[in-house]
Amino acid sequence: MTETSTAGLAAFRAEAEEFLRSIAGGFAADEAARARRESDRIASVEELGEGHELQVERVRNLQARLFDAGLAWPSGPVDCGGRGLGRDHDQVVDDLLAELGFPSREVLFVGLHIVAPALDRHAAPELRARMLPALYRGDAIGCQLFSEPGAGSDLAGVATRAVRDGDGWVLTGQKVWTSMGHLADVGEALVRTDPDAPKHAGMTMFLVDMRAPGVTVRPIRQMTGGAAFNEVFLDGVRVPDAHRIGAVGEGWKVAGTSLGSERKTMVGDDGPVSPYALGRLAALVERLGAADDPVHRAEIAGTVASVVAMKAAAELPEGAWGSLGPASGSVLKMLMTRAVDRMAGLAGEVLGELAFTDSGEPDTHAWAEFVLGAPALHLAGGTDEIQLNIIAQRGLGLPRPPKPARQTTEARS
Amino acid sequence: MSDELLSQDEVRAALRGYFADTGGLDEARRLRDAPADDPGYDAGRWKALAGDVGLVSMAAPEGAGGLGLGLVHLTAAAEEAGAVLYAGPLRASVLAAWALGSAEADFDGVLTGAETVAMPQGFAALQPGLVLDGDGLVGGSVPDAAHGMTADVLLAIADTAQGPCAVLVRLGEEGVTRTPVAATDLTARPAALRLDGVPAVRLTAPGDRAALGRVGDAARLLLAAEQVGGAQGCLDHTVAYARIRTQFDQVIGTYQAIQHRCAETAIAVSAARALVFTAAVALDAGAADEAHRLVLLAKAEASDAFEGAAATLIQVNGGIGFTWEHDAHLYYRRAKATAAYDGRPSRLRDEAVASGALALLTR
Ligand SMILES: Cc1cc2nc3c(=O)[nH]c(=O)nc-3n(C[C@H](O)[C@H](O)[C@H](O)COP(=O)(O)OP(=O)(O)OC[C@H]3O[C@@H](n4cnc5c(N)ncnc54)[C@H](O)[C@@H]3O)c2cc1C
C-alpha cells in the first residue's frame, strides 16, 4: 500500500469532490435515481432483477465518468487507468459518492472486487491491460462462475470441463448461483482441465465472454423475491487461450485471490454494513425512542459493538492478528455476518409486527427485506461453517480432519 | 528506540519476548498455593519489565522523560501481560505514569517504574471511600487495592468539598494500615488499605469530572485489554491441547465441534481486541465522549470474550481442566472476577446506550 500524506489526501478529496459535485446534477435529475434515494427500500443483499436495466445503464454511465476523470480506481496501476495512489484514495471516492447520494454501484461489485483482482495478479499482460480498464470503466460487468450444483463448499470439486482445441479451449458444464450473471459481459470461470490430476491441481481459470455462443443464463428467483442470481449453462463454449487467467492447472490459486478479495470487500462500505443502512437504522432507533426503553438497550449496545468491532478489526495492525493473520479475512467475514444479524435483529425487535405487515407507514415494512436478505450472507463467499474451518485450520493450526477411507470395491460387495 | 518508530506491534513483540524469556505463566502458577500476603510477583523482574523493557517510561509524559506514547501502546502491552496472567503491578503503574502529566509533586519513582503502584480493582466504577481534606491529607479506606500489600504508592479516587479527584498517596507514610484480602482471582493479591491523615497529591482538579473520567476510562480500558489478553491465553492453551489429545484414535482438534468452538473463540477475541484498539485510538485522540462509549462497549465485549474463552479452555481439556493443578482455573477465576470489576457487561452496555452509544453506528 502506498503511503499518503494527509495534505495529499485532502487535495485529492477536494479534487474528487469538485468533480462529483459538477456531475451530481445529472444523476440527481435522473428520475430513477431520485426515486431510489427517496424510496423506502433497504436491503442487505441487492435485488437486481427485471426492470433494472435503466439502473444498470446509469451505473455504467457514472462509472465511465469516474474512470475518465481518474476517480474510478485511484489505487490502481497507471497503465490500467489507475493512478497508483493509496487505497485510502479509493475510500475517499466511495465516501463522497455515498455522501452526495449517487446511485449504488453494487452491480459492479463482482467485476471490481472479485474478477479484477484475479486479472490484476494472474492474467497475461495483454488480457490484463485490456480487461482491467474495461471493468473499471463499467464497460464490462463481471460475474463469478465458481459454484456448481455439485461443488459449493467443496469448490475444488468443480466438474465443468475445459478441453484444449487449437489455440483455444472448449468449455462444457453448469454453474449456479451466479450473481449478476444475467447482466454480465464477462465471467471468471473455474473449470477442470485435467481430470486425472489431484483435485486441487487439475483446475484452470478462464475469462468467459458471457455473450459467446453456447452460454445460456437462466434467472433463479431468490427467497427475497428478486432474481439477482442465475444458473449458467456452458455448452461447448469456445474460449481463446489468451483468455486464460494464470497458468494451466493453477486455477485454485487464482480462485484464492478472488475469494480473499471478496471476503475483504464484504466488510467495506460497499458491503451490507453500508453507511446508508447504518444511518437508516440509527434514525429508526432514534425515531422510536428505543434507546430510552430498557428492554431494547442490550440489543442496541450489542448491535453497535458488533458494527464497531467489524470496522475496527479491518483496521487492526498486522501484529494484533498474531498467527490468525492468514485467516483474518474469514474472521472479518464472520464479524460482518454477525453485524448484519444484529442490525436485522435490532430493526425487527424495535419494530415488532410493524416490520412484517405493510401498514403503509414509511420506514417500517422496508426492514423486512433487510431481515430476509441476512441468511444469504451466511452462505455467499463461503458459508459460516467453511469460515470456521478456515479459522481453525489456517488460523489456529488445528489439524485437518482425516479423509474418510475410500470405499473399495471389496468393502462394498 | 525512537518514539516515532515504536509501533504497537513492536510493543507487543517486546512484551511477548520478555514473558517468553521469564517463564510465561510460571509466576502466576506459583500463586495457586501462595499465602494471601505474598506480593504475587518477582520485584526484580518487575523492575526489568518497567525499566529495562521501558514499559512505564513508555507511558510517561515526554516532559517527564518518558516517550509520551498513548493508550494504543499501553493496551497492546496490557494484552500481552494478560495472556500470561502477569500478577505484577502493571495496570496501576502504567496508568499512574500516563496520568502524571500535571502533578506538582515529585513522583519520579513512579515515572521510572522504581516505585510500584496499587489501585482499587474496580477503579472506574468505584464510589470513593477516601476523603481529601483542605490540608491535603486523605482518610478512609480502599477495600481491595491490587498490590496493596507491597506497593509504594496508591492511585485512587478521593472526595473533596469541590467533588471527586484522582490522587496519589505514598503508602510508606505513617497512618497507613494494610491487611491482605482473600480473592477469587488468585493472581490479584489485593489488600484492604486504611488511610488516616496521609498526605496525598492530586492528579486531577477536584470536581473536574472530565479529567477524572479520562483516567477512569483509561483504567477500564487497560483492564479490558488485560481481559483480551487473558482470552487469547485461554485460546492458545486450548488449541495446544486440542492438537495433542487423542480420543477415538483421532486428535480431538480434528473434530469439527472442537475446531468450531476454537474458531468462535478466536472471533470473539478478535472483536474484543478491535473494540479495545478503537477505544484506545479515540482516547488518545482526545475524543472524550466517543471514547467513553467505546470503552464501555469494549469492556463488555472483553469480559464476555474472556469468560467464554475460559469456559472453552476447561471444556476442551476435559476432566484435567477442572483440577487444581491445571492452569485453566487461574484463567477462569480471573475471567469471572474481572468481568465483575468496573461493571458487569449488562450494566456497561446499558450505560453505553444511556450515554449515547447509538451515535457510534454512524461515526
Ligand atoms: C446470494 C448468493 C449469491 C451467490 N453468488 C455467487 C456467485 O456469484 N458465484 C458463485 O460462484 N457462487 C455464488 N454463490 C454460491 C455460494 O458461494 C455457495 O452457495 C456456498 O459456497 C455454499 O455452497 P452450496 O450452496 O453448494 O452449499 P453446500 O456446500 O452444499 O453446503 C450445505 C451445508 O453444508 C455445510 N457444509 C458443507 N461442507 C462442510 C464442511 N466441510 N464442514 C461443515 N459444514 C459443511 C455448509 O456450511 C452448509 O451449511 C452465491 C450464494 C448466495 C446465497
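Given the structure is predicted, the values throughout are model-derived calculations rather than measurements.

Asker: Mind showing me how you'd approach the packing of helix H8 (residues 275-287) of chain A against helix H11 (residues 328-351) of chain A here?
Answerer: Packed helices, taken two at a time, are described by their axes: the angle between them and the distance between them. Residue and element names in this part refer to chain A. One way to put it is that H8 packs onto H11 with a least axis distance of 11 Å and a crossing angle of 25°. Taken together, the axes of H8 and H11 lie roughly parallel to each other. As H8 packs across H11, the resulting crossing turns out to be left-handed. Along its contact with H8, which presents Ala277, Leu278, Leu281, Leu284 and Val285, the element H11 presents Met343, Leu346, Ala347, Val350 and Leu351. When grouped by side-chain class, the residues that make up the contact of H8 with H11 number 10 nonpolar, no polar and no charged.

Asker: In this structure, what is going on with the UniProt feature "domain: Acyl-CoA oxidase/dehydrogenase middle" (unreviewed entry) in chain A? I would like to understand it.
Answerer: With numbering aligned to this structure, UniProt lists the feature "domain: Acyl-CoA oxidase/dehydrogenase middle" (unreviewed entry) at residues 143-235 of chain A. Across residues 143-235 of chain A, the secondary structure splits into 0% helix and 47% strand, with the terminal C-alpha atoms separated by 18 Å.

Asker: I would appreciate a short explanation of the UniProt feature "domain: Acyl-CoA dehydrogenase/oxidase C-terminal" (unreviewed entry) in chain B in the present structure.
Answerer: This chain's UniProt record puts "domain: Acyl-CoA dehydrogenase/oxidase C-terminal" (unreviewed entry) on residues 218-344 of chain B. Within the segment residues 218-344 of chain B, helix and strand shares are 76% and 3% respectively, and the terminal C-alpha atoms sit 17 Å apart.

Asker: How do you make sense of the domain arrangement of chain B when you look at a structure like this?
Answerer: Often, the extent of an interface is quoted as the loss of accessible area upon association of its parts. All names here are of chain B. Assigned domains within chain B: domain 1 (8-202) and domain 2 (209-360). For domain 1 and domain 2, the distance between their C-alpha centroids amounts to 22 Å. Listed as interface residues are 40 residues of domain 1 and, on the opposing side, 37 residues of domain 2. Buried area between domain 1 and domain 2, summed over both chains or domains, comes out near 3,400 Å², and the portion from carbon and sulfur atoms is 68%. In terms of surface lost to domain 2, no three residues of domain 1 exceed Arg32, Glu79 and Arg91, which account for 18% of the buried area on that side. Between domain 1 and domain 2 we count five salt bridges in total. Here arginine 32 and aspartate 327 are joined by a salt bridge, their closest N and O atoms 3.6 Å apart. At the surface where domain 1 touches domain 2, the tally comes to 15 residue pairs in polar contact (both at pLDDT 80 or more). Counting residues per element, the ones that place at least two in the side of domain 1 that touches domain 2 are helix H1 (8-21), helix H2 (26-30), helix H5 (71-83), helix H6 (90-99) and strand S5 (165-170).

Asker: Hey, could you run me through H11(A) in this one?
Answerer: Because the α-helix completes a turn every 3.6 residues, residues three or four places apart line up on one side. Residues and elements named next belong to chain A. Look at H11: 34 Å from first C-alpha to last across 24 residues, which is about the 34 Å you get at 1.5 Å a residue. In terms of residue burial, H11 counts as a mostly covered element, since 19 of its 24 residues are buried. Phi for glycine 352, located one or two positions after H11, is positive at around 55°.

Asker: I would appreciate a short explanation of the packing of H8(A) against helix H12 (residues 366-377) of chain A in the present structure.
Answerer: Residues and elements named next belong to chain A. Their axes nearest at 12 Å, the elements H8 and H12 cross at an angle of 125°. Put simply, H8 runs oblique to H12. In terms of crossing hand, the pair formed by H8 and H12 is left-handed. Along its contact with H8, which presents Ala277, Arg280, Leu281 and Leu284, the element H12 presents Ala366, Trp367 and Phe370. For the contact of H8 with H12, the residue count by class is six nonpolar, no polar and one charged.

Asker: Help me understand the interface of chain A and chain B, please; the structure alone is not making it clear to me.
Answerer: Listed per partner, the contact involves 43 residues of chain A and 40 residues of chain B. Between chain A and chain B, roughly 3,500 Å² of surface is buried when both sides are summed, and carbon and sulfur atoms account for 73% of that area. On the chain A side of the interface with chain B, the three residues burying the most area are A:Arg297, A:Leu396 and A:Leu398, jointly 16% of the side's total. Remark: the boundary between chain A and chain B carries two salt bridges. Here B:Asp350 and A:Arg297 are joined by a salt bridge, their closest N and O atoms 3.2 Å apart. For the side of chain A that touches chain B, the elements supplying multiple residues, two or more each, are H8, helix H9 (294-313), helix H10 (318-321), H11 and helix H13 (384-395) of chain A. Ranked by residue count, the leading element in the side of chain A that touches chain B is H9(A), at 11 residues. By residue class, the composition of the side of chain A that touches chain B is 30 nonpolar, six polar and seven charged.

Asker: When you look at the UniProt feature "domain: Acyl-CoA dehydrogenase/oxidase N-terminal" (unreviewed entry) in chain B in this model, what are you seeing that I'm missing?
Answerer: Residues annotated in UniProt with the feature "domain: Acyl-CoA dehydrogenase/oxidase N-terminal" (unreviewed entry) correspond here to residues 10-87 of chain B. Counted over residues 10-87 of chain B, helix gives 58% and strand 0%. Its end C-alpha atoms are 22 Å apart.

Asker: Even after reading the chapter, I still don't get the pairing of strand S3 (residues 137-146) of chain B, so can you show me in this structure?
Answerer: Looking along a regular strand, one sees the side chains alternate between the two faces of the sheet. Residue and element names in this part refer to chain B. Pairing geometry for strand S1 (residues 117-120) and S3, over two bridges, is antiparallel. Each residue of the ladder has a partner; that of proline 120, found in S3, is alanine 145. In this structure, strand S2 (residues 130-132) lies alongside S3, joined through three bridges in antiparallel fashion. Directly across from leucine 132, in S3, lies its bridge partner valine 138. Between the end of S2 and the start of S3, which pair antiparallel, lie four residues, with glycine 136 showing a positive phi angle near 80°.

Asker: What's the story with the domain arrangement of chain A in this structure? I'm lost.
Answerer: Residue and element names in this part refer to chain A. The domain boundaries assigned to chain A delineate domain 1 (8-104), domain 2 (142-251) and domain 3 (267-396). With 12 residues of domain 1 at the contact, the number on the domain 3 side is 18 residues. Taking both partners together, domain 1 and domain 3 bury about 1,100 Å²; carbon and sulfur atoms supply 50% of that area. Three residues stand out in domain 1 for area buried against domain 3, namely Asp40, Ile42 and Ser44, and they jointly supply 60% of the buried area on that side. Between domain 1 and domain 3 we count zero salt bridges in total. At the junction of domain 1 with domain 3, the criterion picks out three residue pairs in polar contact (both at pLDDT 80 or more). Residue contributions to the side of domain 1 that touches domain 3 peak at three residues, all from helix H4 (residues 87-99). Of the residues that constitute the side of domain 1 that touches domain 3, the class distribution is three nonpolar, three polar and six charged.

Asker: I tried to follow the environment of A:Pro401 on my own but got confused; where do I start?
Answerer: Tracing the backbone through its elements, the reader meets A:Pro401 in the loop between H13 and helix H14 (409-412). In this structure, the C-alpha to C-alpha distance between A:Pro401 and A:Asn389, residues 12 residues apart in sequence, is 10.0 Å. Leave out the neighbours within four places in its chain, and A:Pro401 touches A:Gln393, B:Thr254 and B:Gln259.

Thresholds applied
- Residues numbered from 1 in each chain as written.
- Chains lettered and ligands numbered in written order.
- Predicted model: local features only at pLDDT ≥ 70, side-chain atom pairs only at ≥ 80, totals over all residues.
- Heavy atoms only, no water.
- Axes fitted to C-alpha atoms, helices over the stretch in contact; angles between N-to-C directions.
- Helix = DSSP H or I, 4+ residues; strand = E, 2+ residues; numbered from the N terminus.
- Parallel < 35°, antiparallel > 145°, perpendicular 65-115°, else oblique.
- Left-handed = near helix turned anticlockwise from the far one by under 90°.
- Contact = heavy atoms within 4.5 Å.
- Nonpolar A, V, L, I, M, F, W, Y, C, P; charged D, E, K, R; others polar.
- UniProt positions renumbered as here; feature names shortened; annotations may be inferred.
- Domains from an automatic or database assignment.
- Buried area = accessible area lost by both parts, 1.4 Å probe.
- Salt bridge = Lys/Arg side-chain N within 4 Å of Asp/Glu carboxyl O.
- Polar contact = N/O pair within 3.5 Å; in protein donor to acceptor, adjacent residues only side chain to side chain.
- Expected span 1.5 Å × (residues − 1).
- Buried < 20%, exposed > 50% of the residue type's maximum accessible area, 1.4 Å probe, protein only.
- Pairing = 2+ DSSP bridges.

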